[in-house]
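Single-letter residue listing:
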Amino acid sequence: MKSVTVVKVGSLKAADESARGKVQVCDIPEPVLGDEDVRIKVAYCSVCGSDPHLLQENIFGWDVPFGLGHEMSGVIVEVGPKATKKGLKVGDRVAGNFLRFCGTCYYCRHQQEQFCEFANDSNQPCMSEYITWHESQVFKLPDDVSLKMGCLLEPVSVAVRVMDKIGPKIGSRVAVCGGGPIGLLVLQTIKMMGAVSLTLFEPIAERRELGKKFGADHCVDPIARDMAEAAAEITNNLGYDIVIDCSGAVKAAVELPKITAKGGTLMYVAMYPNDYEMPLNLYQYCYANELTITGTYVSPYAFTRALQLMPRMQLDDFINVVYDIDDVEEAFMTQISGKYPKILIRCNTFEGE
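To start, this report covers the structure provided alongside it. Model, not experiment: these values are computed from the prediction.

On to the overall build of the protein chain, then. Tallying secondary structure elements over the protein chain gives ten helices and 16 strands in all. With the C-alpha coordinates of the protein chain rotated into their principal frame, the extents come out at 60 × 50 × 40 Å. A buried classification covers 52% of the 353 residues belonging to the protein chain. The contacts in the protein chain between residues at least 6 apart in sequence include a share of 69% that link residues at least 24 apart.

Here it is in structure tokens:
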């Protein structure tokens, strides 16, 4: 079967072609169907912001070649004989969690599935024609969520997980830094939670326009205007009760404690280079200002609620740009251009979708 594979790691923007990372479509064997597994014919897999990091930096140190993709939707084509607990059946339109949590390790038994010691054992690349997942990873899509939208279940689960960790109160002043797909989804969800002075810091004009569409009260270009000055004006010098970083920009990361209100919460959601260490004045921000600084890894306990939330969200702008699986190299070049909020890879075609 076809699967998108990283065959060479390197910069996608390198002028010297020999220094560029390379993805290509390879033939790989279909995984064996276990008794509690379902086989899924993949419809769409969206490109995550972490995928170019894997291609350019191999941040997890995986052996090359390795497969890509974890934001998928598709249709069940085969069900294992013991995959009966969730009522899944052939023909169901589904999406899911690329990780299978083991349920038996210390972390799974202590309400910390995100640290499951065996989660990666079941990881399979979703930019493929077919995947085989344990039934616990798979969720049936509502009738009013298309297969195109369905591949956004995983990124929507990230937004739900962010809400879980920050526990926003209605009327909180909130800033979101970075108007990529996660930032725009987080902006929508925090708006539902009653955020005020909701500000999107984003340098790309098209993404600022989407921020306005999705409910931002203010959209600020952090290149054209100093973030601290803008924050002071918008919040009457109080700062934001909640600051959520979805940018992955090292330059922005060091500025965010300055715009967080005393007693506020600063959450770094984006993925940064794994050797980046941010300078932080502990006296100022953790002692004097009592900031809570946190992050997020994956999204345990969030998928069922994300699935219920999706019909209430504005997702059309995320599913307009689609490339066939054989055009994946062009898709990745479009992804790093930042022109569109999301890029989808079509792995199979389904009638009516």
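Here we take up the packing of helix α1 (residues 50-57) against helix α10 (residues 328-337). Interhelical geometry of α1 versus α10 gives an angle of 110 degrees and a closest axis separation of 10 Å. Here α1 lies roughly perpendicular to α10, going by the angle between them. Across from Asp51, Pro52 and Leu55 in α1, the residues of α10 making contact are Phe332, Gln335 and Ile336. Of the residues contributing to the contact of α1 with α10, the split by class is four nonpolar, one polar and one charged.

Turning our attention to the sheet that holds strand β2 (residues 22-27). Overall, antiparallel pairing links the three strands, which are arranged β2-β1-β4 in an open sheet. In this open sheet, the two strands that pair with only one neighbour each are β2 and β4 (66-67). Relative to β2, strand β1 (residues 2-8) runs antiparallel, the two sharing six bridges. Counted as the bridge partner of Lys8 is Lys22 from β2. Each of β1 and β2 is contacted by α10, which is oriented at about 150 degrees to β2, the strand it contacts most.

About the thresholds
- Residues numbered from 1 in each chain as written.
- Predicted model: local features only at pLDDT ≥ 70, side-chain atom pairs only at ≥ 80, totals over all residues.
- Heavy atoms only, no water.
- Helix = DSSP H or I, 4+ residues; strand = E, 2+ residues; numbered from the N terminus.
- Buried < 20%, exposed > 50% of the residue type's maximum accessible area, 1.4 Å probe, protein only.
- Contact = heavy atoms within 4.5 Å.
- Axes fitted to C-alpha atoms, helices over the stretch in contact; angles between N-to-C directions.
- Parallel < 35°, antiparallel > 145°, perpendicular 65-115°, else oblique.
- Nonpolar A, V, L, I, M, F, W, Y, C, P; charged D, E, K, R; others polar.
- Pairing = 2+ DSSP bridges.

Treat this as a map of the structure, not an account of what it does.
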